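Chain by chain, the residues:
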Amino acid sequence: MPQLLSVWSALSPQRKAVVVLATVAMFAAVLAVARLATAPTMGLLYGGLESGPAGEVVRALDQRGITYEVRGDSIWVESPRRDEIRMSLAADGLPSNNAAGYELLDGLSGFGTTSQMFDAAYWRAKEGELARTITASPQIRAARVHIAPAGTQPFRREIRPSASVTVTTLGGQLAPGQAKALKFLVASAVAGLQPEDVSVIDSVGGIVVAGDDPTAVARTGDDRALELKRNVERLLEARVGAGKAVVEVSVETLMESEQIVERRFDPESRVAISAETEERSTSSNDQGRAQVTVASNLPDGEAANGGGSSQSQTAETRERVNYEVSELQREVIRAPGSIRRISVAVLLDEPKVPGADGIPVLAPRSEAELEALKELVASAIGFDDARGDVITIKAFEFEPVQPLGALVEANILGGLDLMSLIQLAVLALVALVLGLFVVRPLLSAQATPAALPAPPAEPEAAATALPELPPLSGEIDLGDLPMFPIMTGDPGESFESDDPVSRLRRLIEERQQESVEILRGWMEDREERA
């Protein structure tokens, strides 16, 4: 402790201020590093909550005395206790869903509730229940449902109900299959609502087109082209090697729907379906008398000869045959999405073989090999010549691909996380500050050695006083050392020793403080020269 005080007193005021500031900064850095080292690792508890549910969760955490952090719209807690906290909050119904369900109808009483108020509460409850069902999916974070019922309008019966669903997913966009499922979910919950009258909107990607929508034909064609491309690439790489084949597939699809109704009659082909024959025969025999006229009253008239007779017979045959003419009726419905034509372009890399001088040279692929590969590609894509499909296979030398950027080499810091790197940086900064502003000023501080005065001699011991010594300068000259009386075994006897080491030891014992200052000066000089 006396040595530290002597060193502190030997420093200048500027050096003292630097030492104090460096010490304070060092202790602050050590406390910060200790806090970082002892701070628990935080894990995400809930993210993307609305203001109301987030406030309820924060209030519950405060009541339980749980340490948490709020970062934007996310709540972070200690990672080891995250699952425990989630279960505890779930037992209390937190985080609550803002969408209210059928519990809204519990607050309605028979007194003062009109039919309009009940209908509004009913549709609101229906929307809340559908939103709860949708958010039960692990991929969906939030959902809102809006239903536009047809209402009771007797003069406007052609109005159809409609609905819209807005969803927010945890990551990415809503898939067309999921959108189709949401359409059927909402349509099945509302009487008279058709799936095509439900619109699904993603908060990130906009309107989601379901798989059966006509506007999804282009996307379906792209999916088919991608699938065919993967199949052809996998087939070719088995022969030419990975990265030695480039395949591009184009699938042209029909975008319009078509319905064809055809009816043909063949007059040359007929079939009798019914025949009807009718025969009619009529006969008559007349034995009637002559007619009574004026002449019949005369004696020479026609009546004088008596009456006459007549006979008649008639036969009639009628035949009716009904024929049916052959008829061919055909109805063809072409929905959008059918394939119109497929075009495939394949580029192969020319192989290289060692030449006579050892230098690799190109070995062109044979026509038989290209033809065999073409047949394989045709079988993989379902080639149809009548449809106009085209397959083109060419072989050329590929240009070498130059790597972009610099090569990243592994280092010893590759396995450290961000927090560990920060702690290492803080420790390095503390060591640097300690070395520059604390250790170095202490080592570079030089105390100027003062002249050592001769100790005063007592009056009664003037006869035995030591001779006057020159001041110490830091250099030892054995010839200048004074002669000190050395005590022998007899206390009353002494003699002067000629040994320089004995004289130096005697001098150091007499002037210890001055000797220490001289030694410290030597050490500081050596440090500065180094």
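For clarity, every value in this text was computed on a predicted model and none was experimentally measured. (Residues numbered from 1 in each chain as written. Predicted model: local features only at pLDDT ≥ 70, side-chain atom pairs only at ≥ 80, totals over all residues. Heavy atoms only, no water.)

**Some details on the sheet that holds strand 2 (residues 68–71)**
The following threshold applies: When DSSP finds two or more bridges between two strands, those strands count as paired. A helix here means a DSSP run of H or I that spans at least four residues, while a strand means a run of E at least two residues long, and both kinds are numbered starting from the N terminus. In this analysis an axis means a line fitted to C-alpha atoms, helices contributing only their contacting stretch, and an angle means the value between N-to-C directions, from 0 to 180 degrees. It only takes one pair of heavy atoms within 4.5 Å for two residues to be counted as in contact.
The strand order across the open sheet formed by three strands is 1-3-2, and the pairing between neighbours is antiparallel. The sheet is open, and its two edges are formed by strand 1 (42–47) and strand 2, each paired on a single side. Between one strand axis and the next, the sheet turns by 30 degrees as a mean value, whatever way the strands run. Relative to strand 3 (residues 74–78), strand 1 runs antiparallel, the two being bridged by five bridges. Residue pairing for strand 3: Tyr-46 is matched across the bridge by Ile-75. Across the sheet, helix 3 (residues 51–64) is in contact with strand 1, strand 2 and strand 3; its angle to strand 3 comes to roughly 20 degrees. Sheet strands in contact with helix 4 (residues 82–91) are strand 1 and strand 3, and its direction is about 30 degrees off that of strand 1.

**Quick word on helix 3**
The cut-off we apply is this: For a helix, the expected span equals 1.5 Å multiplied by the number of residues minus one. Exposure categories follow from relative accessible area, calculated using a 1.4 Å probe and restricted to protein chains: below 20% of the type maximum is buried, above 50% is exposed, and the middle band is partly exposed. Taken from the helix axis, the directions to the C-beta atoms give the arc we talk about.
Relative to the 20 Å expected for 14 residues at 1.5 Å per residue, helix 3 spans 20 Å between its end C-alpha atoms, a close match to the ideal helical length. The set of residues buried in helix 3 consists of Pro-53, Ala-54, Val-57, Ala-60 and Leu-61. Here the buried residues of helix 3 occupy an arc of 125 degrees about the axis, which is enough to place them on one side. Among the exposed residues of helix 3, those pointing more than 90 degrees away from its buried face are Ser-51 and Gln-63. Lining the buried residues of helix 3 we find strand 1, strand 2, strand 3 and helix 4. Remark: Gly-65 follows helix 3 within two positions and exhibits a positive phi of approximately 70 degrees.

**Some points on the pattern of salt bridges**
What counts is decided by this rule: A side-chain nitrogen of Lys or Arg and a carboxyl oxygen of Asp or Glu constitute a salt bridge if their distance falls within 4 Å.
According to the stated counting rule, one finds 17 salt bridges in the structure shown. In this structure, Glu-248 engages Lys-229 in a salt bridge whose closest nitrogen and oxygen atoms are separated by 3.7 Å. Note that Glu-248 is positioned in strand 8 (residues 245–253) and Lys-229 in helix 7 (residues 217–240), a separation of 19 residues in sequence. For Lys-229, a relative accessible area of 23% corresponds to the partly exposed category.

**Some thoughts on the environment of Ser-188**
Note the following rule: In protein, a polar contact means a hydrogen-donor-capable atom and an acceptor-capable atom, both N or O and within 3.5 Å, with residues adjacent in sequence counting only if both atoms are side-chain atoms; elsewhere, any N or O pair within 3.5 Å suffices.
Relative to the helices and strands, Ser-188 resides in helix 6 (residues 176–189). By relative accessible area, Ser-188 is classed as exposed at 64%. Within the local environment of Ser-188, its side chain forms a polar contact with the backbone oxygen of Phe-184, the two atoms lying 2.7 Å apart.

**A look at the confidence of the model for the protein**
Our working rule: Every residue gets a pLDDT, meaning the predictor's confidence in that residue, from 0 to 100.
Summarising the model, the protein shows a mean pLDDT of 75, and 70% of its residues fall at 70 or more. Averaged over each element, pLDDT in the protein is lowest for strand 16 (residues 494–496) (45) and highest for helix 8 (residues 367–381) (92). Counting interchain partners and residues more than four positions distant, the pLDDT-below-50 stretch residues 412–416 has three contacts. Confidence drops under pLDDT 50 across residues 478–497; counting only partners more than four residues distant or on other chains, this segment forms 34 contacts.

**Looking at helix 8**
Every α-helix carries 3.6 residues per turn, so stepping three or four residues along brings you back to the same face. Over its 15 residues, helix 8 runs 21 Å from end to end, which matches the ideal 21 Å to within 8%, given 1.5 Å per residue. Looking only at helix 8, the buried set comprises Glu-369, Leu-370, Leu-373, Val-377, Ala-378 and Ile-381. Looking one or two residues past helix 8, Gly-382 carries a phi angle of roughly 75 degrees, positive in sign.

**Considerations on empty space enclosed by the protein**
The condition is simple: With a 1 Å grid spanning the protein atoms alone, the term cavity applies to any set of points in which a 1.4 Å probe fits but cannot get out, the term pocket to an open set with protein on both sides within 12 Å along at least five of seven lines, and the term lining residue to any residue with an atom within 4 Å of a point. Grid points are joined across faces, edges and corners, and a volume is the space filled by probe spheres set on the points. Nonpolar residues are Ala, Val, Leu, Ile, Met, Phe, Trp, Tyr, Cys and Pro. Charged residues are Asp, Glu, Lys and Arg, and all others, Gly as well, are polar.
What the rule picks out here adds up to one cavity of 30 Å³ or more. Here the largest cavity is characterised by a volume of approximately 40 Å³. Residue lining of the largest cavity: Glu-278, Glu-279, Arg-280, Glu-316 and Arg-318, and that is the complete set. Looking at the lining of the largest cavity, the elements that each hand over two or more residues are strand 9 (258–286) and strand 10 (310–334). Sort the elements by how many residues they give to the lining of the largest cavity and strand 9 lands first, with three residues. Taken together, the residues that form the lining of the largest cavity break down as no nonpolar, no polar and five charged.

**Focus: a nonpolar patch on the surface**
Where we set the bar: Patches in this entry comprise residues that are over 30% relatively accessible and not in a salt bridge; like charges within 9 Å are linked, as are nonpolar side chains (Val, Leu, Ile, Met, Phe, Trp, Tyr) within 5 Å. Per-residue and other accessible areas follow the Shrake-Rupley method at a 1.4 Å probe size, with only the shown protein chains counted as cover for residues.
There is a patch of nonpolar side chains on the surface, built from Trp-8, Val-20 and Val-24 and spanning about 270 Å² of accessible area. Residue class for Val-20 comes out partly exposed when judged on its relative accessible area of 44%.

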